[in-house]
Structures are given as C-alpha cells and as structure tokens.
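# Remarks on the overall topology
Chain residues, written in single-letter form:
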Amino acid sequence: MPGLLRGVARTAVVAGTATAVSNRVSRRQQGRWAQQEYQEAPPQPAPAAPPPAAPAPSADDMSSRIDQLKQLGELKAQGVLTEAEFEEQKRRILG
C-alpha cells in the first residue's frame, strides 16, 4: 500500500509541475505574440471629439421625468418592480 501511495503522489507532482510549466510557456508565448502584434500594428489615429452634449431639458420635461420616477418608486415600494427592473426603467427615463 505505501508503494501505491508513493506512485500516486509522484504522478500528482509530475502532473502539477507539467501543468505549471505549460501555463507559464503559454503565457510567455502569448505575451510575445501580443508584443509582436503591437509592433506591427499601424499607429491609431487620435479619437474623435465626443459628440456635443444634449440640450438641457425644459422645465416641463423635467417635471414629467420626476413624476415618472416617483411612480417607479411607488411601484418598487409595492413590490411590483424588482430592483433590476427599477434601475433599468430609471436609466431609460433619465437616459
């Protein structure tokens, strides 16, 4: 029985070492490929200016958004909406 355990332990050590070495070689090779691709890639143009900001909402529009948010809050408090649904609708309204 001790010989069997020794053999199993040796196999586990060899397999673990082989896995570690294989992973290290893979990471090193992947790093080399990434560096090679970076060097071969043409320089990227500067990013374009961000789009202009949306105009400020009017007072009527803002009050209707506030009313919608209040209704959403009430629906969430009543248990009709889940937290995720509430957040999604809030994002859509404030959008």
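Computed from a predicted structure; not experimentally measured.

Enumeration over the complete set of coordinates arrives at 0 aromatic pairs. One Lys or Arg, K76, reaches over the ring of F86 and ends 4.9 Å from the middle of that ring.

Under the criterion given, the structure shown has 3 salt bridges. A salt bridge links D61 to R65, with the nearest nitrogen and oxygen atoms 3.6 Å apart. Pair noted here: D61 and R65 are both in helix α2 (residues 59-78), with a separation of 4 residues, about one helical turn. By relative accessible area, D61 is classed as partly exposed at 30%. Judged by its relative accessible area of 23%, R65 is partly exposed. As a salt-bridge pair, K90 and E87 come within 3.5 Å of each other at their nearest N and O atoms. Here K90 and its partner E87 are both found in helix α3 (residues 83-94), 3 residues apart, which amounts to about one turn of the helix.

On average, residues of the protein score 80 in pLDDT, and 81% of them reach the 70 mark or higher. In the model of the protein, helix α1 (residues 2-40) stands out as the element of lowest mean pLDDT, 81, in contrast to α3, which has the highest, 88.

Reading the values: rules and limits
Residues numbered from 1 in each chain as written. Predicted model: local features only at pLDDT ≥ 70, side-chain atom pairs only at ≥ 80, totals over all residues. Heavy atoms only, no water. Phe/Tyr/Trp six-rings, centres within 6.5 Å; stacked < 30°, edge-to-face > 60°. Lys NZ or Arg CZ within 6 Å of the ring centre and 35° of its normal. Salt bridge = Lys/Arg side-chain N within 4 Å of Asp/Glu carboxyl O. Helix = DSSP H or I, 4+ residues; strand = E, 2+ residues; numbered from the N terminus. Buried < 20%, exposed > 50% of the residue type's maximum accessible area, 1.4 Å probe, protein only. pLDDT = per-residue confidence, 0-100.

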